[in-house]
Amino acid sequence: MSEKNLKFNTKTIHGGQKPDAAFGAVMPPIYQTSTYAQTAPGDHKGYAYSRSANPTRTALENALASIENGKYGLAFASGMAAIDAVVKLLKPGDEVLSTDDLYGGSYRLFKQIFEPFGIVFRFIGMQSANNIEVHITKKTKLIWVETPTNPMMQIIDIKAISQLAKKYAILLAVDNTFATPYLQLPLDLGADIVMHSATKYLGGHSDVVVGALVVNDKELADKLYFIQKASGAVCGPMDSFLTLRGIKTLHVRMQRHCENGKTIAEYLAKHPKIEKVYWPGFQEHPNHEIAKSQMNDFGGMISFVPKGGSYEDAIKIVEKLQIFTLAESLGGVESLAGHPASMTHSSIPKAEREKIGVVDALIRLSVGIEDADDLIEDLKQAIR
Ligand SMILES: *Cc1c(COP(=O)(O)O)cnc(C)c1O
């Protein structure tokens, strides 16, 4: 059976994997080694030094490529390291168009690390693909898309943007952290690069910090591999193993995340003390039609604003939650709650934040896979 034709739920478990050659271990061993014996100078079994390659990392990279329907996977020490590698494809003077509702760490990397090196970033609304073309110049080399966006859950039309990117020969990269390949496959929709903070849903157990890139083009893969090796922010063997183990249950976890997400989004939407709920599964969501066409389901990420809520009200609610843990991050089996204004988005100036809807009272939930009844009871008591 050709691997490409396997269904997603099979790929998460078998994609790019075969039993270890040495002893038939079904799970790839943790090759906790920095170097490899050579029989003559340069004569080795494909591994010379673990920054360049490590067999456990290779197993993870093959699995990543498989589940994203791509040819080449690369695993990094963090999601930020993966994004850093993508921007290093550029040179001073190049321009990047990015979504304006963006992971705070990506905004910080772009503005504070790469802008001083002469790369120009423009943050624009991308809910309408028509809004993008006017910003394209001869210097535009990369379009950076996050969808669903964080924390406003806007949905951006990957296919429409990829047509534009192709027309002007611009690279299109999609941060697929929130959706995961269970929900959407950016490469199939025309993106050149798919990026993950595998720290989140792919790892799934809040026990690693890992990043990933997947591409189809050999030349692009070679360039990224060179940057990975030369800059050195690689994923270690233990973290590779844990992420690989996480990926094997991605499909069953995501199914439950989506079910619980729907139940909770609907509960909050009916709650008299809740002003607004952001979740792409609602028919009234402004991008619901795009969500339906490019995603298989709507995920477990939800943001909401309490009625007449202030900064203090939001803090009070998140502090009262007992099953939802107040924490940064998302995508683990356990439910988390966050307050973007003081946590993930505190590095974005208040005026910038509020322009895109990240008001002081906004609360973001990463709905876990616990029993939905318990999660609702928890929200009920905290909001009361
Ligand atoms: C967490 C996150 C990142 C950064 O990944 P790390 O693994 O924390 O470095 C990037 N994008 C999104 C959408 C994220 O949620």
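Predicted model only: the values in this text are computed from it and were never measured. (Residues numbered from 1 in each chain as written. Predicted model: local features only at pLDDT ≥ 70, side-chain atom pairs only at ≥ 80, totals over all residues. Heavy atoms only, no water.)

Moving on to the site of the ligand. Taken together, 15 residues sit near the ligand, with Gly79, Asp175, Ser197, Thr199 and Lys200 positioned nearest. Within the backbone of glycine 79, one N or O atom sits 2.9 Å away from an oxygen atom of the ligand. With respect to the ligand, the side chain of aspartate 175 contributes an N or O atom lying 2.7 Å from a nitrogen atom. Surface burial for the ligand is 93%, taken as the share of its 380 Å² of free accessible area covered by protein chains. Those elements that provide at least two residues to the shell around the ligand are helix H3 (79–87) and strand S6 (193–197). (Near = heavy atom within 4 Å. Polar contact = N/O pair within 3.5 Å; in protein donor to acceptor, adjacent residues only side chain to side chain. Areas by Shrake-Rupley, 256 points an atom, 1.4 Å probe, with all protein chains shown as cover. Helix = DSSP H or I, 4+ residues; strand = E, 2+ residues; numbered from the N terminus.)

Applying the stated criterion across every chain, the model contains 16 salt bridges. For the salt bridge of lysine 141 with aspartate 94, the shortest nitrogen-to-oxygen distance reads 3.5 Å. Of this pair, lysine 141 sits in strand S4 (residues 140–146) while aspartate 94 sits in the loop between H3 and strand S2 (95–99), and the two are 47 residues apart along the sequence. The exposure class of lysine 141 is partly exposed, given its relative accessible area of 30%. By relative accessible area, which is 7% here, aspartate 94 ends up buried. Here lysine 355 makes a salt bridge to glutamate 352, at a shortest N to O gap of 3.2 Å. In this pair, lysine 355 and glutamate 352 are both assigned in helix H13 (residues 350–355), 3 residues apart and thus about one turn of the helix distant. Of the residues examined, glutamate 352 reaches a relative accessible area of 34% and is grouped as partly exposed. (Salt bridge = Lys/Arg side-chain N within 4 Å of Asp/Glu carboxyl O. Buried < 20%, exposed > 50% of the residue type's maximum accessible area, 1.4 Å probe, protein only.)

Our next topic: the sheet that holds strand S5 (residues 171–175). For sheets, the rule is that strands pair by backbone hydrogen bonds, running either parallel or antiparallel. Strand order in the open sheet formed by 7 strands is S1-S7-S6-S5-S4-S2-S3, with mixed pairing between adjacent strands. Two strands in the sheet have a free side with no partner beyond their single neighbour: strand S1 (72–76) and strand S3 (120–124). Across the sheet, the mean angle from the axis of one strand to that of its neighbour is 20°, orientation sign disregarded. Pairing analysis gives 3 bridges linking S5 to S6, with the strands arranged parallel. Looking at the pairing, valine 174 lines up with valine 194 of S6. The strands touched by helix H2 (residues 55–67) within the sheet are S1 and strand S7 (211–215), with S1 carrying the most contacts at an inclination of about 125°. (Pairing = 2+ DSSP bridges. Axes fitted to C-alpha atoms, helices over the stretch in contact; angles between N-to-C directions. Contact = heavy atoms within 4.5 Å.)

Glancing now at the domain arrangement of the chain. Assigned domains within the chain: domain 1 (3–247) and domain 2 (251–383). The straight-line distance from the C-alpha centre of domain 1 to that of domain 2 is 26 Å. The interface of domain 1 with domain 2 comprises 39 residues on the first partner and 42 residues on the second. Both sides of the domain 1 and domain 2 interface together cover about 3300 Å² of buried area, and 61% of this is carbon and sulfur. At the boundary of domain 1 with domain 2, the tally comes to 17 residue pairs in polar contact (both at pLDDT 80 or more). Top contributing element to the side of domain 1 that touches domain 2 by residue count: helix H1 (residues 8–14), with 4 residues. Of the residues contributing to the side of domain 1 that touches domain 2, the split by class is 19 nonpolar, 14 polar and 6 charged. (Domains from an automatic or database assignment. Buried area = accessible area lost by both parts, 1.4 Å probe. Nonpolar A, V, L, I, M, F, W, Y, C, P; charged D, E, K, R; others polar.)

Spatially, 5 strands are ordered S8-S9-S12-S11-S10 in an open sheet, and the strand pairing comes out mixed. In this open sheet, the two edge strands, each paired with only one partner strand, are strand S8 (274–278) and strand S10 (325–326). As defined by bridge partners, S8 adjoins strand S9 (residues 301–306) across 4 bridges and the pair is classed as antiparallel. In the sheet register, isoleucine 274 faces S9, and the bridge partner there is proline 306. Contacting S9, S10, strand S11 (336–338) and strand S12 (363–366), helix H12 (residues 311–320) runs over the sheet at an angle of about 25° to S12.

Across the interface, helix H10 (residues 250–270) lies against helix H14 (residues 372–383) with an axial gap of 10 Å and an inter-helix angle of 30°. Here H10 lies roughly parallel to H14, going by the angle between them. Read as a crossing pair, H10 and H14 show a hand that is right-handed. Touching Asn260, Thr263, Ile264, Tyr267 and Leu268 of H10 are Ala372, Leu375, Ile376, Leu379, Lys380 and Ile383, all from H14. Residues of the contact of H10 with H14, tallied by class, amount to 8 nonpolar, 2 polar and 1 charged. (Parallel < 35°, antiparallel > 145°, perpendicular 65-115°, else oblique. Left-handed = near helix turned anticlockwise from the far one by under 90°.)

A few words on the packing of H3 against helix H4 (residues 104–114). Between H3 and H4, whose axes approach to 11 Å, the crossing angle comes to 45°. It follows from the interaxial angle that H3 and H4 lie oblique. The interaxial crossing formed by H3 with H4 has right-handed handedness. Touching Met80, Ile83, Asp84 and Val87 of H3 are Gly105, Ser106, Leu109, Phe110 and Phe114, all from H4. Broken down by class, the residue content of the contact of H3 with H4 amounts to 6 nonpolar, 2 polar and 1 charged.

This brings us to helix H8 (residues 218–231). In an α-helix, one turn spans 3.6 residues, which is why side chains three or four residues apart end up on the same side. Helix length check: H8 (14 residues) gives 20 Å between terminal C-alpha atoms against 20 Å at 1.5 Å per residue, within 8%. Regarding H8, the residues found buried are Leu220, Ala221, Leu224, Ile227 and Gln228. Seen from one end, H8 has its buried residues packed into an arc of 125°, which puts them on one side. Every exposed residue of H8 that faces more than 90 degrees away from the buried side is listed here: Glu219, Phe226 and Ala230. Capping of H8 at its N-terminal end is provided by aspartate 217; its side-chain oxygen lies 3.3 Å from the backbone amide nitrogen of glutamate 219. Directly beyond the C-terminal end of H8, a positive phi value near 90° is found at glycine 232. (Expected span 1.5 Å × (residues − 1). Arc of directions from axis to C-beta.)

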